[in-house]
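If you want the building blocks of each chain, they are given just below.
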Amino acid sequence: SAMSEAGLKPNIPTLFLSECVLVYMQALHGNSIIEWAASTISEAPAAMVVYEQCNPDDRFGKVMVDNLMRRGCPLLSIHDFPSMDSQRERFLSRGWDQCAIADMNKVYDKYLDCKDVERIQRLELLD
């Protein structure tokens with residue numbers, strides 16, 4: 001297959017990264033990618049790190065969804081998987097044995113070094 005020709009091997013630990021990708025697809029296409037990633041590395045550990053928009057119905061989410069829609073960039077599956085719990089279930093029901101989820105507040109508080117957070121907060125916001 002094209003992936004094996006590109007060097008993907010089912011016996012080598014693999015990390016799949018997806019940053020703001022799946023939410024722009026129809027759910028069935030994103031689900032297919034999740035299932036493919038869960039089954040492709042069959043002989044070694046694999047993980048998938050995903051950063052996605054969620055919570056389309058809170059105040060911030062409504063503005064975000066509307067803004068992106070007006071710019072021609074609709075979040076096609078955000079209402080199919082609107083919450084972190086629904087995202088967790090999405091992965092667990094598509095071949096992943098485990099799914100750990102954290103929002104950016106938790107990442108900042110638990111996983112990032114305080115000095116890095118201070119440096120990041122001094123940067124000009126892009127979004």
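These numbers were taken from a predicted model, which means no experiment stands behind them.

Visitor: Outline the overall build of the protein, listing residues and values.
Guide: Summing up its helical and strand segments, the protein has six helices and two strands in all. Going residue by residue from the N terminus, the α and β elements of the protein occur as α-β-α-β-α-α-α-α. Each of the three principal axes of the protein carries a C-alpha extent, and together these read 40 × 35 × 25 Å. The buried share among the 127 residues of the protein stands at 26%. Partitioning the contacts of the protein with sequence separation of at least 6, the portion at a separation of at least 24 is 68%. Working note: accessible area of the protein is about 9300 Å², and carbon and sulfur atoms make up 54% of it. Positive and negative charge centroids in the protein, built from 13 and 19 side chains respectively, lie 4 Å apart.

Visitor: Got a sec to walk through the packing of aromatic side chains? Specific residues and values, please.
Guide: Each pair of aromatic rings is reported with the distance of its centres and the angle of its planes. This structure, assessed with the given rule, holds one aromatic pair. A ring pair is formed by F16 and W36, whose centres lie 5.5 Å apart and whose planes are at 70°; its orientation type is edge-to-face. Placement of F16 in strand β1 (residues 14–19) and of W36 in helix α2 (residues 27–40) is noted, with a sequence separation of 20 residues between them. A residue is classified by how much of its surface remains accessible, and F16, at 13% relative accessible area, is buried.

Visitor: Mind laying out the side chain of S86, listing which residues take part and the relevant values?
Guide: The residue S86 is located in helix α4 (residues 84–92) in this model. For S86, a relative accessible area of 18% gives the class buried. In terms of polar contacts, S86 uses its side chain to reach the backbone carbonyl oxygen of S83, at 2.8 Å.

Visitor: Pulling in residues and values, what's your account of α2?
Guide: The end-to-end C-alpha distance of α2, which contains 14 residues, comes to 20 Å, matching closely the 20 Å that a straight helix rising 1.5 Å per residue would cover. Turning to α2, its buried residues are A27, G30, N31, I34, A37 and T40. Residues of α2 that are buried sit in contact with β1, β2 (46–51) and α4.

Visitor: Now, about the environment of L92: what can you tell me, with residues and values included?
Guide: Looking at the secondary structure, you find L92 in helix α4. Judged by relative accessible area, which is 35%, L92 ranks as partly exposed. Not counting chain neighbours up to four residues away, the residues in contact with L92 comprise D97, Q98 and C99.

Calculation rules
Residues numbered from 1 in each chain as written. Predicted model: local features only at pLDDT ≥ 70, side-chain atom pairs only at ≥ 80, totals over all residues. Heavy atoms only, no water. Helix = DSSP H or I, 4+ residues; strand = E, 2+ residues; numbered from the N terminus. Buried < 20%, exposed > 50% of the residue type's maximum accessible area, 1.4 Å probe, protein only. Contact = heavy atoms within 4.5 Å. Areas by Shrake-Rupley, 256 points an atom, 1.4 Å probe, with all protein chains shown as cover. Lys, Arg positive; Asp, Glu negative; His and termini not counted. Charge placed at Lys NZ, Arg CZ, Asp CG, Glu CD. Phe/Tyr/Trp six-rings, centres within 6.5 Å; stacked < 30°, edge-to-face > 60°. Polar contact = N/O pair within 3.5 Å; in protein donor to acceptor, adjacent residues only side chain to side chain. Expected span 1.5 Å × (residues − 1).

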